[in-house]
Amino acid sequence: MWNRAKFIVALVTIGLCLAASPGRGQQAPEQVAQAPQAPAKAQAKTQDPWWKHAVIYEIYPRSFQDSNADGVGDISGITSRLDYLRDLGIDAIWISPMYPSPLVDFGYDVSDYTAIDPLYGTLADFDRLVSEGKKRNIRVIMDFVPNHTSDQHPWFKESRSSRTNPKRDWYIWRDGKGPGQPPNNWQSWFGHSAWKFDPATNQYYYHHFYTEQPDLNWRNPQVRKAMYDGMRFWLDRGAAGFRIDAVSRLFEDPNLHDDPILPGNNAYGDPNIQHKYTDNLPEVHEVLREMRKVVDEYPGNPVLISEADEPNIAELTKMYGSKNDEVQLPMDFQIADVNKLSAPEFRRLLTEIDRNTAGGQPHYFFSNHDQPRQWDRYGDGAHNDQIAKLTAALLLTTRATPLMYYGEEIGMHTTEPARKEDVQDPIGKIGWPQEKGRDGERTPMQWDGSKNAGFSAAERPWLPVPPSAAEYNVQAESQDPHSILSFYKRLLELRRGEPALRDGVYLPLNGNDPYVLAFLRKIPGNNDAILVVLNMSAESRTVKFDLSAEGVKESSAKLLLAAPETGAESTVLAHFTIPAFGVFIGSAH
């Protein structure tokens, strides 16, 4: 759902390169070694589930590709870009909700869990997307929204019709404390009371998010059955799993205890509050185990990805389940929200999650549809392109299943609305100007330098294309061997081709270095080892490594990928200098 509260923050691709465009002269190029051929052992079949080694790519469907010139992206548009995703190195796409919806929260207010909104196409279009994706070894992951429905869903229309309706208990209805007083002090994540009075039956219903998004009652077995049937509907059509939205909010304290009040006010003018009684209740894990049983009924290892903004790695670890019987890939907001280049902080978090007590697969990301883009959040205003390559290297070389957000591979910027009247996201309308909403990270994908950046032939797309699209777009960057896109492509190629990046353990190095994050990826029992060195400071740093304790006897590392260039094909481990915000990836075997 939404996580802005933590901070108020070389090669031509055939078929895409339609015209030449000059590179960015101020950007230091990266040095790229000849890409190795994937060793036979890396190509060999493995018993690992597909999601362990996949690169997942989130698509916000309104903004990826418009196929019918209505200004809004759609399913056929996504299908038309599958070759781009294949060539980039993507294994699966997670698509934000495409269900029928009044679009109060742009699809996260679902009015039918077993259909496609006509704005995005038809079920036949979805089937074709799955089929064409399969031809390119790209799986399709659906976004599942279990916490709430739209107030226009037939279930809620029945529920609110009378206190005796059979679906009354499908939602959370309570009497107020008194005339005009809600049942307690619980607050919506999007501002103000989480209770909405419904005069037809003289009761309040609970909504953790917008008033138009009433929460389902997950203590009702009929609700669970209906939702699990919805999951089976998409699994039957070939979906490869689900990203589960706002999963930690499924349950609320049945005794309606008031939440603790914290100092200060939020962007909506409400007192800050600790969501103690409406978030992360123990019953969530029971539901996750049941969801896992649903997907495990199907062949092909369907995956569950949970959106759960847990406060620490210990709580995140619980999402795997005590017997690895819950979520395979809990989204790690701890890594995503460091929001500064801090080698000690990343080192601590990477080590903690790598050693999680469940033995679960880490799942890292930096950006998504609810968070300002990493180009802005981690950039310093002067070296953003180089820092974008650094965060790419961090994401794609650790022992984790990485999640990319559309456009991060070309360095798309966050472009917030300049005026309140331009805001689409209701959050921005409610909280303006302190809260400008999430439009800035949802602008159209930038394919080329033409009008609307190749996204749409409409006169005016649903969100404006940022001016930065003239420079940061797929067509231009595909022709620049030193672009962010070219770096991502080569990095993803390395990830596929190097056994140690695929199967190696994660071994942190130089644990006390305040500026340089370094680690080894190594396959136990043989010599395959990859050294990753990331300078998270604005000054060049000299580093040295003795890898003998890790079973590596070599005194130098052969360059595989560097940004900016190092000027050498190999580097002496005992003493080498890495430039400001530099990336070095080398073979130490």
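Residues numbered from 1 in each chain as written. Predicted model: local features only at pLDDT ≥ 70, side-chain atom pairs only at ≥ 80, totals over all residues. Heavy atoms only, no water.

Visitor: Looking at this structure, I do not really get the overall build of the protein. What am I missing?
Guide: Helix and strand counts for the protein stand at 17 helices and 22 strands. Relative to the globule expectation of 25 Å for 589 residues, the C-alpha radius of gyration of the protein, 24 Å, shows essentially globular dimensions. Counting only C-alpha atoms and orienting by the principal axes, one finds that the protein spans roughly 75 × 55 × 50 Å. The buried share of the protein, reckoned over its 589 residues, is 61%. Approximately 22200 Å² of the protein is accessible, and the part contributed by carbon and sulfur atoms is 50%. For the protein, the distance from the average position of its 62 positive side-chain charges to the average position of its 78 negative side-chain charges is 3 Å. (Helix = DSSP H or I, 4+ residues; strand = E, 2+ residues; numbered from the N terminus. Rg over C-alpha atoms; globule rule 2.2 N^0.38 Å. Buried < 20%, exposed > 50% of the residue type's maximum accessible area, 1.4 Å probe, protein only. Areas by Shrake-Rupley, 256 points an atom, 1.4 Å probe, with all protein chains shown as cover. Lys, Arg positive; Asp, Glu negative; His and termini not counted. Charge placed at Lys NZ, Arg CZ, Asp CG, Glu CD.)

Visitor: When you look at the sheet that holds strand β5 (residues 173–174) in this model, what are you seeing that I'm missing?
Guide: As a general point, the strands of a sheet are linked pairwise by backbone hydrogen bonds and lie either parallel or antiparallel. Pairing is antiparallel in the open sheet, where 3 strands are placed in the order β5-β7-β6. Both edges of this open sheet fall to β5 and β6 (195–198), since each of them pairs with a single strand only. For β6 and strand β7 (residues 203–206), the ladder comprises 4 bridges, and the chain directions are antiparallel. Each residue of the ladder has a partner; that of Trp195, found in β7, is Tyr206. (Pairing = 2+ DSSP bridges.)

Visitor: Would you mind going over the packing of helix α13 (residues 384–397) against helix α16 (residues 484–497) with me for this structure?
Guide: Think of two packed helices as two axes; the pair is described by the angle between the axes and how far apart they sit. Running from N to C, α13 and α16 cross one another at 15 degrees; their axes reach a closest spacing of 10 Å. For the element pair α13 / α16, the angle class is roughly parallel. Crossing of α13 against α16: the hand is right-handed. Counting all contacts with α13, which are made through Asp385, Ala388, Lys389, Ala392, Ala393, Leu396 and Thr397, the residues of α16 involved are Ile484, Phe487, Tyr488, Leu491, Leu492 and Arg495. Residue composition of the contact of α13 with α16, grouped by class: 9 nonpolar, 1 polar and 3 charged. (Axes fitted to C-alpha atoms, helices over the stretch in contact; angles between N-to-C directions. Parallel < 35°, antiparallel > 145°, perpendicular 65-115°, else oblique. Left-handed = near helix turned anticlockwise from the far one by under 90°. Contact = heavy atoms within 4.5 Å. Nonpolar A, V, L, I, M, F, W, Y, C, P; charged D, E, K, R; others polar.)

Visitor: Hey, could you run me through the pairing of strand β4 (residues 139–144) in this one?
Guide: Each regular strand carries side chains that alternate between the two faces of the sheet. In terms of burial, β4 is a largely internal element, 5 of the 6 residues being buried. Note that β4 and strand β8 (residues 241–244) share 3 bridges and pair parallel. In the strand pairing of β8, Asp143 is matched with Arg243.

Visitor: Would you take a moment to explain unusual backbone geometry for this structure?
Guide: Among all residues except glycine, the phi angle is most often negative; among peptide bonds, the trans geometry is most common. Across the junction of Trp432 and Pro433, the peptide omega takes the value 0 degrees, indicating a cis bond. Positionally, Pro433 belongs in the loop between α14 (426–431) and α15 (474–478). Between Ala563 and the following residue, Pro564, the backbone shows a cis peptide bond with an omega angle of -10 degrees. One non-glycine residue, Leu103, lies in positive phi territory at about 65 degrees. As for its placement among the helices and strands, Leu103 is situated in the loop between β3 (92–95) and α5 (123–135). For Leu103, a relative accessible area of 22% translates into the label partly exposed. With phi around 55 degrees, Ala453 is a residue other than glycine that occupies positive phi space. Counting through the fold element by element, Ala453 comes out in the loop between α14 and α15.

Visitor: Would you explain the sheet that holds β8 in this entry?
Guide: A sheet is described by the order of its strands in space; here 8 strands give the open sequence β12-β11-β8-β4-β3-β2-β14-β13, paired in parallel fashion. Two strands lie at the open edges of the sheet, namely β12 (329–330) and β13 (363–365), each paired on one side alone. Alignment of strand β11 (residues 303–306) against β12, held across 2 bridges, turns out to be parallel. Looking at the pairing, Ile305 lines up with Leu329 of β12. Against the sheet, α13 contacts β13 and β14 (401–405), and its axis sits at roughly 145 degrees relative to β14.

Visitor: What is the right way to read the nonpolar core from this model?
Guide: Generally speaking, nonpolar side chains in soluble globular proteins are found buried as a group. Judged by nonpolar contacts, the single largest core of 138 residues is most densely connected at Tyr57, Leu85, Ile93, Met291 and Met445. For this core, the leading source of residues is α13, giving 8 residues. Not counting residues within four places of it along the chain, the set of residues in contact with Met291 comprises Phe144, Pro146, Trp218, Tyr228, Met231, Ile244 and Leu304. If you look at the next biggest cluster of nonpolar residues, it comprises 19 residues, including Leu509, Leu520, Leu531 and Leu573. (Core = buried A, V, L, I, M, F, W, Y, C linked by side-chain atoms within 4.5 Å.)

Visitor: So what exactly am I meant to see when it comes to the side chain of Asp117 here?
Guide: Within the element layout of this structure, Asp117 appears in the loop between β3 and α5. Notably, Asp117 is buried but unbridged: the nearest opposite-charge side chain belongs to Arg62, and the N-O separation is 7.5 Å. (Salt bridge = Lys/Arg side-chain N within 4 Å of Asp/Glu carboxyl O.)

Visitor: Hey, could you run me through the environment of Tyr84 in this one?
Guide: Here Tyr84 shows up in helix α4 (residues 82–88). Note on Tyr84: relative accessible area 4%, which makes it buried. Measuring from C-alpha to C-alpha, the distance between Tyr84 and Val474 comes to 9.5 Å, with 390 residues separating the pair along the chain.

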